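Topology and contacts: notes
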Amino acid sequence: AEIEAQVRKVAGQWLTQVRLFDVYEGAHIEDGKKSVALGLVWQHPERTLQEEEITSALEAVIRELEKEFGALLRS
């Protein structure tokens, strides 16, 4: 719930859905850490969003999760 709240706080007005679809602890994950997978959907009611708009919103989400939870984006 805390992660979702932070995502909604910074993702912008066109974020329509946040879905936690996987949480993993175990092999290949540092002790005390979790791997969390989120599905995010942005949708404007009147037009197609541009790639730059989505990229900017996603980068804001990543920065916020790094700051608030020490999250790392896996590559």
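The model shown is predicted, which means the values in this text are computed figures rather than measured ones.

Calculation rules
- Residues numbered from 1 in each chain as written.
- Predicted model: local features only at pLDDT ≥ 70, side-chain atom pairs only at ≥ 80, totals over all residues.
- Heavy atoms only, no water.
- Helix = DSSP H or I, 4+ residues; strand = E, 2+ residues; numbered from the N terminus.
- Contact = heavy atoms within 4.5 Å.
- Lys, Arg positive; Asp, Glu negative; His and termini not counted.
- Charge placed at Lys NZ, Arg CZ, Asp CG, Glu CD.
- Expected span 1.5 Å × (residues − 1).
- Phe/Tyr/Trp six-rings, centres within 6.5 Å; stacked < 30°, edge-to-face > 60°.
- Lys NZ or Arg CZ within 6 Å of the ring centre and 35° of its normal.
- Salt bridge = Lys/Arg side-chain N within 4 Å of Asp/Glu carboxyl O.
- Buried < 20%, exposed > 50% of the residue type's maximum accessible area, 1.4 Å probe, protein only.

So, about the overall build of the protein. Within the protein one finds two helices and two strands. For the protein, the α and β elements follow one another from N to C terminus as α-β-β-α. Dimensions of the protein along its principal axes, counting C-alpha atoms only, are 45 × 25 × 20 Å. Intrachain contacts of the protein at a sequence separation of at least 6 include 47% that bridge at least 24 residues. Across the protein, the mean location of the 9 positive side-chain charges is 2 Å away from that of the 14 negative side-chain charges.

With that settled, the discussion passes to the side chain of Ser35. By secondary structure assignment, the location of Ser35 is in strand 2 (residues 35-42). Sequence-distant contacts of Ser35, defined by excluding residues within four places in its chain, comprise Asp22, Val23, Tyr24, Ile29 and Arg74.

This part takes up helix 2 (residues 51-69). Here helix 2 spans 27 Å end to end across 19 residues, near enough to the 27 Å set by a 1.5 Å rise per residue. Lining the buried residues of helix 2 we find helix 1 (2-10) and strand 2.

Attention now moves to the packing of aromatic side chains. Scanning all chains against the criterion turns up zero aromatic pairs. Here the basic side chain of Arg47 rests over the ring of Trp14, its NZ or CZ set 5.3 Å away from the ring centre.

A separate point is the pattern of salt bridges. A side chain of one charge can pair with a side chain of the opposite charge if their charged atoms are brought near each other. Considering all chains together, one arrives at five salt bridges under this definition. For Glu53, the salt bridge is made with Arg47, and the minimal N-O distance between the two is 2.7 Å. Its relative accessible area of 24% is what places Glu53 among the partly exposed residues. A salt bridge links Glu64 to Lys67; the nearest nitrogen and oxygen atoms lie 3.7 Å apart. Here the residue Glu64 and the residue Lys67 both occupy positions in helix 2, the gap between them amounting to three residues, near one helical turn.

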